[in-house]
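Listed here are the chains, written in short residue letters.
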Amino acid sequence: MPLRADSGSRRAHEPLMTVKEKKRERGSDEGIVSLKDIELFSSLGAKELRHIAKSITLQQYKRGQIILHEEETNEFMYIILGGEVKVVQNLEGKEIVLAIHHSGEFFGEMSLIDKKTIPAAVIAKTDCIVALISKEAFYSVLLKQSKVLEKLLTILITRFRESLRTIQILSFKNAAQRVKMLLILLSRKYGRKEDDNIELKMRLTHQDIAEMTGLTRESVTRVLDSWQKRGEIAILKDKRICLTPAFFKDYGYEP
């Protein structure tokens, strides 16, 4: 039985179905399999995952729906089971996408740890299904599972380093420099080696890149068109970007 679409009138944190109920209806361990795919819980066994699954509720969001408002207080950690979300902040009147999170990634943990408001808004980039873990359950897992705590610290440090690189992108005055730095950063996280090329395992529109670099869509289009003509990149049919060795030349970075 598929999850119902959010009508828009449902409260943001009202559960559609618990993982336990979903498993019972489908007669499978689908909830546990989903949790095992989450990097944060990848070190846990089936018994530990079942315990976590009991405290999870599911919520479905429509594309464009705000999941978390900037400066909002938060009582949950959110785990993406399907779809994508974007983390957005207004800087000097311009909306900048700080990060895009995909299936298997999570968000909302920072405010649970420091008890402060959300520093940026989180918006559904596509229709998505998100698992919500309450603050109490979140701390219970951290206190009982040292492996989860160690994994969380590693992920938070990685995200901190990525945020510094994002600031570096915005410091460039040249549009081509901004786009090249972004694609190189994304290639480190989402790149897949295909012969001598690097294919990004995520779909990026020109508007996505514009929002992540603080540029206009027209500027991004001009830069990408120029690189395509020179054979530095190729745009695949599914909007994935393929980076050729020529793209990395003169940059001092080996893919």
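Residues numbered from 1 in each chain as written. Predicted model: local features only at pLDDT ≥ 70, side-chain atom pairs only at ≥ 80, totals over all residues. Heavy atoms only, no water.

### A few points about unusual backbone geometry
Even without a glycine there, the phi angle at aspartate 195 is positive, about 60 degrees. Here aspartate 195 is to be found in the loop between strand E10 (191-194) and strand E11 (197-203). Accessibility expressed as a relative area gives 73% for aspartate 195, which makes it exposed. In the Ramachandran plot, lysine 239 falls in the positive-phi region, its phi being about 70 degrees despite a non-glycine side chain. With respect to the helices, strands and loops of the structure, lysine 239 is situated in the loop between strand E12 (233-235) and strand E13 (240-243). Residue lysine 239 is classed as partly exposed on the basis of its relative accessible area of 48%. (Helix = DSSP H or I, 4+ residues; strand = E, 2+ residues; numbered from the N terminus. Buried < 20%, exposed > 50% of the residue type's maximum accessible area, 1.4 Å probe, protein only.)

### Some thoughts on the sheet that holds strand E8 (residues 121-124)
Pairing is antiparallel in the open sheet, where four strands are placed in the order E3-E8-E5-E6. Every interior strand has two partners, whereas the edge strands, strand E3 (66-68) and strand E6 (94-101), have only one. The mean angle between the axes of side-by-side strands here comes to 35 degrees, regardless of whether they run parallel or antiparallel. Note that E3 and E8 share two bridges and pair antiparallel. Pairing of leucine 68 across the sheet is with valine 122, part of E8. (Pairing = 2+ DSSP bridges. Axes fitted to C-alpha atoms, helices over the stretch in contact; angles between N-to-C directions.)

### Section: the pairing of E6
Judged from the seven bridges that link them, strand E5 (residues 85-91) and E6 form a sheet pairing that is antiparallel. Among the inter-strand pairings, glutamine 89 is bridged to a residue of E6, identified as isoleucine 96. Between E5 and E6, which pair antiparallel one after the other, the connecting turn spans two residues, and glutamate 92 there sits at a positive phi close to 55 degrees.

### A look at the packing of helix H5 (residues 135-144) against helix H6 (residues 146-171)
Relative to each other, H5 and H6 sit at 105 degrees, their axes nearing to 5 Å. Looking at the two axes, H5 sits roughly perpendicular to H6. Note on element contacts: H6 touches H5 through Ser146, Val148, Leu149 and Leu152, opposite Phe138, Val141, Leu142 and Lys144. Here the contact of H5 with H6 is composed, by residue class, of six nonpolar, one polar and one charged. (Parallel < 35°, antiparallel > 145°, perpendicular 65-115°, else oblique. Contact = heavy atoms within 4.5 Å. Nonpolar A, V, L, I, M, F, W, Y, C, P; charged D, E, K, R; others polar.)

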